[in-house]
Structure formats: structure tokens, C-alpha cells
Amino acid sequence: MLNLSPQQFVTWDEPIEMLYACHGKVKNFCRQLQILPDYIEQNGCNEAVKNDVKQILNYFNQSAPLHHDDEEKDFFPALIKQVPTAQADVDLLEQQHVALHKNWDELSTQLVALLNGERENVDRELIKRFVSGYDSHIAIEEPLFELGREHLAESELQSIGKIMADRRKV
């Protein structure tokens, strides 16, 4: 159905770049979700749709929660130690994580039903709310990544990267 652009290859030794790479995947999957209803109306729920939906489900069921853990448990606390003024943005982002997960729960239910032949399409407004939530979230979060790049010591970044890799058993 869609071609994802190749992602820049980064390693866990570059945790901030890895956080950005996760956002790149989120943006790509959100673009896929946005065109999904029109594509299904024109082509039906064919194998291409099913393959893409499985990838989207896999990413947001597994990788996205790990990404949020990377931020909440490791990156944000380290950043706040160095840049205490980031606390208000971090508090907002953590609240948004809850809303993003809630939106995902609703959307994933529809995507699974689509795969199981129990639905013929996915609610456009739900997709719009999901994508919009990530758009606003990323706009607040990525400037914090830059603050981290400026203020966190290389040893701290390496430690965070190791924790991120361990979280995934890489």
C-alpha cells in the first residue's frame, strides 16, 4: 500500500537519535493511518492493507510503549536534573502519554476488528484524533531532545542508551 522512506540507521549509543528515529516511525505510521480509510474504500481490505495494519498494530502495541518508558523513566528524569525548567513540559508530555495510549486503545480495537473482518473501515475522526495527538506531542517533545543533546553528558547519554537497549533485550 505505502512505501516507508528508509530510516537513518542509529545505534543505542545514540539515544537521542534513537528517540528521533522512533518519532520518524510514528510519523510514517500516522501518514499510513490517514490514508487508510480512502484506500480501503477504493481497494477493499486487501492483503496490502492487512500487512500495513499488522505493522501499525505491532509498532504501537510494542515499540511505542517502550519509547514512552525510555522518556519517562530515563530521558526526562536525566534532563530535569540538568534543566529543571523543563519540568512543566515533561508533566504535560506525561499526561499526553496517557491520552495517546487511550486513543490507541480505541483505534487498535477498530484495526483488529478490520483484520478479523468485523469492520469494513476505520473511523476517520478517531484516526484524526490519534494523529493530532501525536503531532502536538512531538512538537513539544523534540525541543526537549535538543535540550538533552545540549545539557546531558556523553556518559549519561551512553547510560540511557544502554538502559534503552536492555529494555528491549537487544
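Refer to the preceding data block for the structure.
In this convention, every chain numbers its residues from 1, walking through the sequence in written order. Given that the model is predicted, a residue must reach a pLDDT of at least 70 before its local features are reported, and side-chain atom pairs must reach 80 or more before they are shown or counted; all residues, however, enter totals for whole chains, interfaces and linings. Excluding hydrogens and water, the side-chain figures rest on all heavy atoms present in the structure.

## Remarks on the overall build of the protein
Check the secondary structure of the protein and you find five helices and zero strands. Helix and strand labels come from DSSP, where a helix needs a run of H or I of at least four residues and a strand needs a run of E of at least two; each type is numbered from the N terminus. Along the protein, helices (α) and strands (β) appear in the sequence α-α-α-α-α when read from the amino end. A globule of 170 residues ought to have a C-alpha radius of gyration of about 15 Å, and the protein, at 17 Å, matches this closely. Its C-alpha atoms give the protein principal-axis dimensions of roughly 50 × 30 × 25 Å. The contact definition used throughout considers only heavy atoms, calling two residues in contact when any of these lie within 4.5 Å. Long-range contacts, defined here as pairs at least 24 residues apart, represent 78% of the contacts in the protein between residues at least 6 apart. Taken as a whole, the protein presents about 9,000 Å² of accessible surface, with 50% of it coming from carbon and sulfur. This count recognises Lys and Arg as positive and Asp and Glu as negative, with His and chain-terminal groups excluded. Lysine's charge is taken at NZ, arginine's at CZ, aspartate's at CG and glutamate's at CD. Averaging the locations of the 17 positively and 29 negatively charged side chains of the protein gives two centres separated by 4 Å. The globule rule used here is 2.2 Å times the number of residues to the 0.38 power, and the radius of gyration it is set against is calculated over C-alpha atoms. Only the protein chains shown count as covering a residue, and every accessible area follows the Shrake-Rupley method with a 1.4 Å probe.

## Some points on the packing of aromatic side chains
Pairing of aromatic rings covers Phe, Tyr and the six-membered ring of Trp, with a centre-to-centre limit of 6.5 Å; geometry is then stacked below 30 degrees between planes, edge-to-face above 60, and tilted otherwise. Evaluated as defined, the whole model comprises 11 aromatic pairs. Between the aromatic rings of F60 and F130, the centroid separation amounts to 5.1 Å while the plane-to-plane angle is 80 degrees, which identifies the pairing as edge-to-face. One end of the pair, F60, is in helix 2 (residues 47-82); the other, F130, is in helix 4 (residues 124-151), with 70 residues separating them in the sequence. As far as burial versus exposure is concerned, F60 and F130 are alike and both buried. Aromatic pair F75 and F145: ring centres 5.6 Å apart, planes at 80 degrees, arrangement edge-to-face. Note on exposure labels: buried denotes an accessible area under 20% of the residue type's maximum, exposed denotes more than 50%, and partly exposed covers the range between, all computed with a 1.4 Å probe on protein chains only.

## Some remarks on the side chain of Q96
Tracing the chain through its elements places Q96 in helix 3 (residues 87-115). On the accessibility criterion, Q96 (17% relative accessible area) is buried. Once you skip the residues sitting within four places of it in the chain, Q96 turns out to touch H137 and I140.

## Observations regarding empty space enclosed by the protein
Only protein atoms enter the calculation, which uses a 1 Å grid: trapped sets of points that fit a 1.4 Å probe without letting it out are cavities, open sets showing protein on both sides within 12 Å along at least five of seven lines are pockets, and any residue with an atom within 4 Å of a point is a lining residue. Grid points are joined across faces, edges and corners, and a volume is the space filled by probe spheres set on the points. Applying the stated criterion across every chain yields a total of one cavity of 30 Å³ or more. Each pocket or cavity is described by its volume, and for the largest cavity that value is around 30 Å³. What lines the largest cavity is F60, A64, L100, H101, W104, F130 and Y134. Where the lining of the largest cavity is concerned, the elements lending two or more residues are helix 2, helix 3 and helix 4.

## Thoughts on the nonpolar core
Buried Ala, Val, Leu, Ile, Met, Phe, Trp, Tyr and Cys residues that are joined via side-chain atoms within 4.5 Å together make up what is termed a nonpolar core. Grouped together as the largest cluster of nonpolar side chains are 27 residues, with contacts concentrated most on F60, L107, L111, F130 and Y134. Secondary-structure elements contributing two or more residues to this core are helix 1 (15-43), helix 2, helix 3 and helix 4. Sort the elements by how many residues they give to this core and helix 1 lands first, with eight residues. Ignoring anything within four residues of it in the chain, the contact list for L107 reads L33, V122, L126, I127 and F130. Counting 22 residues, the second largest nonpolar core, distinct from the first, contains V10, F76, A78 and V83.

## Describing helix 2
Residue count minus one, scaled by 1.5 Å, sets the expected span of a helix. Taking 1.5 Å as the rise per residue, helix 2 with 36 residues should run 52 Å; its terminal C-alpha atoms sit 49 Å apart, in good agreement. At F75, helix 2 is deflected by roughly 40 degrees, the largest bend along its length, and proline P77 occurs up to four residues later in sequence. Bend, in this description, refers to the angle at a residue between axes fitted to the seven residues ending there and the seven starting there.

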